[in-house]
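Structural characterization, general
Given next are the chains, with one letter for each unit.
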Amino acid sequence: MSWRAVARKDFEDVVRSRMVWSILGVFVLLMAIVVLGASSNSGQDVGLANVVNFFSTLGGELLVPLTALIVGYMAIAGERESGSLRILFGLSHGRRDVLVGKATSRVTTMVVVATVACVSAAVLSLVVFGSMPADIFVGFLVLTVALATAFTGIALGVSAATGSRRGAMGGAVGSYVFFTILWNPIVAGVHYAVEGELAGIDAPSWYLFLQRLSPLEAYRQGLMELLGENIFGLFGWEFIVEDVDQQAMADGGLVVSNRVGGDLPFYLTDWFAVLILLVWLVVPVALGLRYFEAADLN
Amino acid sequence: MAAIETNGLTKRYGDVVALQDLDLTVEAGEVFGFLGPNGAGKTTTIDLLLDFIRPTEGSATVLGHDSTDGADEIRDRVGVLPDGFDLWDRSSGYKHLEFALESTGGSADPDALLDRVGLDQADAERRVGEYSKGMLQRLAMAMALAGDPDLLVLDEPSSGLDPHGIRTMQDIVREEADGGTTVFFSSHILGQVAAVCDRVGILDDGELVTVDTIAGLREAAGVGSRLVVRVDGQPSADLTAIDGVTEVTAEDGTLTVAYSDAAAKGTVVHRLVEDGVSVLDFHTEEATLEDLFAAFTETSTPANGDGATETAAGEAADHPDTAAATEGSR
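Residues numbered from 1 in each chain as written. Chains lettered and ligands numbered in written order. Predicted model: local features only at pLDDT ≥ 70, side-chain atom pairs only at ≥ 80, totals over all residues.

This part covers the overall build of chain B. Tallying secondary structure elements over chain B gives twelve helices and 15 strands in all. Counting the 330 residues in chain B, one finds 45% classified as buried. The contacts in chain B between residues at least 6 apart in sequence include a share of 70% that link residues at least 24 apart. (Helix = DSSP H or I, 4+ residues; strand = E, 2+ residues; numbered from the N terminus. Buried ≥ 20, exposed ≤ 12 C-beta atoms within 10 Å, placed from the backbone. Contact = placed C-beta atoms within 7 Å.)

Here the focus is the overall build of chain A. A count of helical and extended segments in chain A gives 14 helices and zero strands. Taken from N to C terminus, the helices and strands of chain A fall in the order α-α-α-α-α-α-α-α-α-α-α-α-α-α. A globule of 298 residues ought to have a C-alpha radius of gyration of about 19 Å, and chain A, at 20 Å, matches this closely. Evaluated residue by residue, chain A yields a buried proportion of 46% over its 298 residues. Look at the contacts in chain A between residues 6 or more apart in sequence, and 82% of them connect residues 24 or more apart. (Rg over C-alpha atoms; globule rule 2.2 N^0.38 Å.)

Below, the discussion takes up unusual backbone geometry. Residue and element names in this part refer to chain B. With phi around 60°, aspartate 51 is a residue other than glycine that occupies positive phi space. Summarising the element assignment, aspartate 51 is placed in the loop between helix H1 (42-49) and strand E4 (57-62). One non-glycine residue, leucine 63, lies in the positive phi region at around 50°. Residue class for leucine 63 comes out buried when judged on the 20 C-beta atoms lying within 10 Å of it.

Another aspect to go through is the domain arrangement of chain B. All names here are of chain B. Partitioning chain B into domains gives domain 1 (2-212) and domain 2 (223-327). When residues of the side of domain 1 that touches domain 2 are traced back to their parent elements, those giving at least two are helix H8 (190-196), strand E9 (199-204) and strand E10 (207-212). In the side of domain 1 that touches domain 2, the residues fall into six nonpolar, two polar and two charged. (Domains from an automatic or database assignment. Nonpolar A, V, L, I, M, F, W, Y, C, P; charged D, E, K, R; others polar.)

If you look at the interface, chain B gives 29 residues, while chain A gives 20 residues. Only helix H2 (71-77), strand E6 (78-81), helix H3 (93-104) and helix H6 (133-145) of chain B provide two or more residues apiece to the side of chain B that touches chain A. At five residues, H3(B) tops the list of elements feeding residues into the side of chain B that touches chain A. Counted by class, the side of chain B that touches chain A contains 15 nonpolar, six polar and eight charged residues.

Moving on, we get to the nonpolar core. By size, the foremost hydrophobic cluster in this structure holds 159 residues, and its most contacted members are A:Ala121, A:Leu277, B:Ala142, B:Met143, B:Phe184 and B:Phe185. The leading source of residues in this core is helix H7 (residues 134-161) of chain A, at 14 residues. In terms of domain composition, this core takes at least three residues from each of domain 1 (2-212) and domain 2 (223-327) of chain B. Among the nonpolar cores identified, the runner-up in size contains twelve residues, and B:Leu239, B:Val245, B:Val257 and B:Val268 belong to it. (Core = buried A, V, L, I, M, F, W, Y, C linked by C-beta atoms within 7 Å.)

Let us now look at the sheet that holds E4(B). Residues and elements named next belong to chain B. Reading across the sheet, the four strands line up as E2-E1-E4-E5 and stay open at both edges, with antiparallel pairing between neighbours. The sheet is open, and its two edges are formed by strand E2 (16-27) and strand E5 (65-66), each paired on a single side. Sheet topology note: the strand E1 (residues 2-13)/E2 ladder contains eight bridges and is antiparallel. Note that in E2 the partner of alanine 2 across the bridge is glutamate 27. (Pairing = 2+ DSSP bridges.)

Set out below in structure tokens:
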């Protein structure tokens, strides 16, 4: 049970750091800007759904993943490089205790950050718009927390598998670049190879499934389904690697259930998106633990 | 039961041999000095004992547990002061001690631990980020002691410490040893090892050169001690006749008496006084430990052969200021 001591100690250190408070501040500020921005859209029926939609691009694709990577990437590699890992070992903590403890602390940190961000959006919406639809709030909260933990898991896995600050940084940045820049073109390439053309607005469900195996896409598809609205990615891949026209995209054309015919398969549902995000938390940490337990740590 | 036992313990990184075929036994309750120049493989050995790295060949047993399979059991009973570590800058010294006590299930009073290592309570309230190297070393020592370990592993424990701090550290080692704790003391400074250790192992270039007591090492290396006496007049007595005196040289009113038995010193001075020679001043020169060290680490290369011991003794004579000189005799 010694991981608990590591987790508590690490969490105390994280709370004492200025970084995590700055991150919290940035999120709350962003929410305030998004809410005020949404409220100035005069003549429309605005509410939390608009806030979520605005947030999902900048927050969901940039801020949440990057802060999660920042919070996670030094967790193990930092202790290893500075030599404090030797102190931890000397205090009777084993490799598993250290990794599980650190992971618990850092994931908790990001859960708190994501929750504060979502709750501040809800509170601000209630104040500014006078309403706060509970279903949208809960879906937004669950997906955002899951997204934050997914990228924390990736960063922790990278941190455990590499021995140095530089390696962990490279792995964290690399994973973000992979999901933002490479993932969608690769999946589009698979579609092209199979079907001989780029995916249109009516896409096969396996294509949308492959897409949502990326945590960023899982989050985006999940939110689109929740809101019943289009959410445009930060990099606009839907305009580049998919054959969709503006007209067809109106009125939530990109929402998953509007792109596949018939009943939505279970693997394209919202809860499955959350499951995918949780897999991105667990699997990288488990792989990182395997490396870490076998590694020479000097 | 041996506290530490290694059998053919070897660590290689590719073609680089960090530790070669180490066979070492450290008995329970002893203070064992692990000596070697920087890069000799001392930290590699410690890392292997604590499962920080895994052996390429061979095995090690620590407190009866295999270093790899029994790593968790070992860690529960070992206190470690590593070489080259950072602590958590934002936490106070007290927080560090609390964490150490919580982690090891230790019941010691934090203030008592601070007192042992010579840290002020006021300092313990401060963030560790503001500590000097010596203070960090003291705090880490307190943390190593927190769990009342059966085996204390100290890797270059004096780094960053002033002479007073070194004395405190040596006192702690003696106290722990008196309490039955085995101490594994790694250092590149022979004098510090000699001050506290029962036995010493010398490691050079990844290989164990010798294991012996300090006195045994001195004898084996053929490096003796000398009494240097400034006299007015020429003694008539034959000092070499005194038991334990091995050689006498006289030059410019200074007698240098080499001896193998420390008791001979008093007899020499006594005999000179009896002879009516005025003894103006005297001091002893212990064979410098650095020379002793050099004698062993250099003979390990076959090319040097036996010459190394002579070189070592010669250097001691050439540089008397580096010798461990003590005014008067015991």
